[in-house]
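Structural features, examined
These are the residues of each chain, in order.
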Amino acid sequence: MYMTAAEKQKKSRRVWTLIILTVLIVFTFTYSVNAGYSKLPFLEVIKSFFGMADGGTQLIVTEFRLPRIIIALLVGAGLAVSGTILQGISGNGLADPGILGINNGAGLAVMLYISFFPSTMEVPVLFMPFIGFIGAILTAFLVYGLSYSRSEGLLPNRLLLTGIAVAAAIAALITLLTIRLDPQNYQRYAEWMAGNIWASSWQYVFALLPWLVVLGTIAFMKVKTLDVLSFGDQVATGLGVRVEREKFILLIVAVGLAAACVSVSGGIAFIGLIGPHIARKLVGSAHRWVMVTAALSGGLLLLLADTIGRLIIQPSEIFAGIVVAVIGAPYFLFLLAKAK
């Protein structure tokens, strides 16, 4: 198909944006491997990638830092894609898995499991995303149902306010349930809700990866649908899109991505809000570009947050969720002030 000079320039800019983001991720990845209390010679770090380093370095890099870094990238990408979908189907640029209560819903499911089955605190790794998904999907249906009008469809402003109210109610319920926990489990759960990337092992990488691959593939297959939905329900229906069916499928995908990510990273908010906004500013509104750019931006943001958190008050650390919140909360207020 023939492309005008302007279209070629726009495509070139988009491609270069993806290349730059990828380079930034590679640079941050390389730096993050050596970010921590134990400093390692750069050459030894490189050797560890090939299994040629000494035993101590090999253990620190491959068993502790690499899984954590990869989980940060995967979780950031997954949450950003989830946020992109939620903003697309709701027509609300402030939609985010955390703000809409989906993260808290996943946390509540885990909390209930821990509270009523304390002897099974060590949840099987592969089962963890399913527990989070149950809570997240029930919360999403509740928020969606309360925000839906038969005459007007999904109301974006009501969606945001309902999500905030439901998230607050769930947070209060979680606080009450923590009374049942012993001090050790309470400490672990408190860290989980604060957004500590605690599941730093290859088991959790392999537990999370299938969810992101399957649901991420479905999400990328639906980018044209998201483009059509951005014109409004009436236009989308006129173009032959089964609006409610497609929104339902996309909602399941978004919730599944958020729940799987939260189950291994804890309560990390705002990545799903910031990632899509960055993407749209960089590459425009076409979802086939926005989705990829948001995934790269979200992964980069969470990896940076986790790296900063490990460096700023050594030998202790600040949880990645707190670092993201310090950045994300003011940005959310800025967007809220701009919203009509």
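Position labels on residues start from 1 in each chain and follow its written sequence. This being a predicted model, a pLDDT of at least 70 is required before a residue's local features are given, and a value of 80 or more before pairs of side-chain atoms are given or counted; all residues contribute to the totals for chains, interfaces and linings. Only hydrogens and water are removed before side-chain values are computed, so all heavy atoms of the structure are retained for them.

**Some thoughts on the overall build of the chain**
Only DSSP runs of H or I reaching four residues or more are called helices, and only runs of E reaching two or more are called strands; each is numbered from the N terminus. Looking only at helices and strands, one finds 14 helices and two strands in the chain. As a reference, a globule follows 2.2 Å times the number of residues to the power 0.38, and the radius of gyration itself is taken over C-alpha atoms. Computed over C-alpha atoms, the radius of gyration of the chain comes to 20 Å, within 12% of the 20 Å expected from 2.2 N^0.38 for 340 residues, which places it in the range of a compact globule. Within the span of the chain, comprising 340 residues, buried residues form 52% of the whole. Contact criterion: two residues are considered in contact whenever any of their non-hydrogen atoms come within 4.5 Å of each other. Pairs at least 24 apart in sequence give 77% of the contacts found in the chain among residues at least 6 apart. For the chain, the exposed area adds up to about 16100 Å²; of that, 70% sits on carbon and sulfur atoms. The buried label applies to any residue whose accessible area, calculated with a 1.4 Å probe on protein chains only, is under 20% of its type's maximum; exposed applies above 50%, and partly exposed to all values in between. For every accessible area listed, the method is Shrake-Rupley and the probe measures 1.4 Å; residues are considered covered only by the protein chains on display.

**Here we look at the nonpolar core**
Think of a nonpolar core as a cluster: buried Ala, Val, Leu, Ile, Met, Phe, Trp, Tyr and Cys residues, connected wherever their side-chain atoms sit within 4.5 Å. Of all hydrophobic cores here, the largest spans 97 residues; its most connected members are Val75, Leu79, Ile85, Leu86, Ile89, Leu208 and Leu302. Tallying contributions element by element places helix α3 (residues 55–90) first for this core, with 15 residues. For valine 75, the contacting residues outside a window of four places in its chain are Leu208, Cys261, Val264, Ser265 and Leu302.

**Comments concerning the packing of aromatic side chains**
Stacked, tilted and edge-to-face pairs are distinguished by plane angle, under 30 degrees for stacked and over 60 for edge-to-face with tilted covering the rest, among Phe, Tyr and Trp rings (Trp via its six-membered ring) whose centres lie within 6.5 Å. Enumeration according to the criterion identifies four aromatic pairs in this entry. Ring geometry for phenylalanine 133 and tryptophan 211: centres 5.9 Å apart, planes at 55 degrees, overall tilted. Highlighted residues: phenylalanine 133 in helix α5 (residues 128–146) and tryptophan 211 in helix α8 (residues 202–221), separated in sequence by 78 residues. Members of the aromatic cluster, connected to one another through ring pairs, are Phe130, Phe133 and Trp211.

**Details of unusual backbone geometry**
A positive phi angle, near 75 degrees, is found at phenylalanine 270, a position not held by glycine. Mapped onto the fold, phenylalanine 270 is located in the loop between α11 (243–265) and α12 (271–283). Residue classification places phenylalanine 270 among the buried positions, given a relative accessible area of 13%.

**A word on the pattern of salt bridges**
A side chain of one charge can pair with a side chain of the opposite charge if their charged atoms are brought near each other. Any carboxyl oxygen of Asp or Glu that lies within 4 Å of a side-chain nitrogen of Lys or Arg is treated as forming a salt bridge with it. A full pass over the atoms with the stated rule returns five salt bridges. Residue glutamate 246 is joined to lysine 222 by a salt bridge in which the shortest nitrogen-to-oxygen separation is 2.8 Å. Of the two residues, glutamate 246 sits in helix α11 while lysine 222 sits in the loop between α8 and α9 (223–229), which places them 24 residues apart along the sequence. This pair shows no difference in class: glutamate 246 is buried, exactly as lysine 222 is. Residues joined in a network through salt bridges with shared partners are Arg68, Asp306, Arg310 and Glu317.

**Notes on the packing of α8 against α11**
Fitting a line to C-alpha atoms yields each axis, with helices limited to the stretch in contact; the angle taken between N-to-C directions then spans 0 to 180 degrees. Contact pair α8 / α11: the axes reach a minimum separation of 9 Å and the direction vectors enclose 165 degrees. Taken together, the axes of α8 and α11 are roughly antiparallel relative to one another. Judged by the sense of rotation from one axis to the other, the crossing of α8 with α11 is left-handed. Between α8 and α11, the residues in contact are Tyr204, Leu208, Trp211, Leu212, Leu215, Gly216, Ile218 and Ala219 and Val253, Gly256, Leu257, Ala260, Cys261 and Val264, respectively. Its residues placed into classes, the contact of α8 with α11 shows twelve nonpolar, two polar and no charged. Just so you know how the angles are binned, under 35 degrees is roughly parallel, over 145 roughly antiparallel, 65 to 115 roughly perpendicular, and the rest oblique. Take the far helix as your reference; a near helix turned counterclockwise from it by less than a right angle gives a left-handed crossing, and one turned clockwise gives a right-handed crossing. Polar here means any residue other than Ala, Val, Leu, Ile, Met, Phe, Trp, Tyr, Cys and Pro, which are nonpolar, and Asp, Glu, Lys and Arg, which are charged; Gly is therefore polar.

**Side note on α8**
Taking 1.5 Å per residue, 20 residues should reach 28 Å; α8 reaches 28 Å between its end C-alpha atoms and fits that length. Looking at α8, one finds that the buried residues are Tyr204, Val205, Ala207, Leu208, Trp211, Leu212, Leu215, Gly216 and Ala219. Where α8 is buried, its residues contact α3, α5, α9, α11 and α13 (287–311). Here, expected helix span is obtained from the residue count minus one, scaled by 1.5 Å.

**Considerations on α13**
Look at α13: 35 Å from first C-alpha to last across 25 residues, which is about the 36 Å you get at 1.5 Å a residue. Of all 25 residues in α13, 19 are buried, a share of seventy percent or more.

**Let's talk about the packing of α5 against helix α6 (residues 156–177)**
Remark: α5 packs on α6, axes separated minimally by 9 Å, with the N-to-C direction vectors making an angle of 140 degrees. In terms of their interaxial angle, α5 and α6 are classed as oblique. In the crossing of α5 with α6, the sense of the turn from one axis to the other is right-handed. Two secondary-structure elements touch here, α5 through Thr139, Leu142, Val143 and Leu146 and α6 through Arg158, Leu159, Thr162, Gly163, Val166 and Ile170.

**So, the environment of serine 82**
Structurally, serine 82 is set in helix α3. Judged by its relative accessible area of 0%, serine 82 is buried. Between the alpha carbons of serine 82 and glycine 275 there is a distance of 9.8 Å; along the sequence they are 193 residues apart. Beyond its immediate sequence surroundings of up to four residues, serine 82 is in contact with Pro97, Ala254, Leu257 and Ala258.

**Concerning the environment of arginine 310**
With respect to the secondary-structure elements, arginine 310 resides in helix α13. Residues arginine 310 and lysine 224, 86 residues apart in the sequence, show an inter-C-alpha distance of 40 Å. For arginine 310, the residues in contact, after removing those within four places along its chain, are Ser32, Ala35, Arg65, Arg68, Ile69, Ser316 and Glu317. Each polar contact in these results corresponds to two N or O atoms within 3.5 Å; when the atoms are within protein, one needs to be able to donate a hydrogen and the other to accept it, and residues that are neighboring in sequence are counted only if both atoms are side-chain atoms. At 2.4 Å, the side chain of arginine 310 forms a polar contact with the side chain of serine 32.

**Looking at the environment of valine 205**
Along the chain, the position of valine 205 falls in helix α8. Taking the C-alpha atoms as reference points, valine 205 and isoleucine 70, 135 residues apart in sequence, are found 7.3 Å from one another. Those residues in contact with valine 205, other than ones at most four positions away along the chain, are Pro67, Ile70, Ile71 and Leu74.

Purely geometric stuff here, so don't read any function into it on its own.
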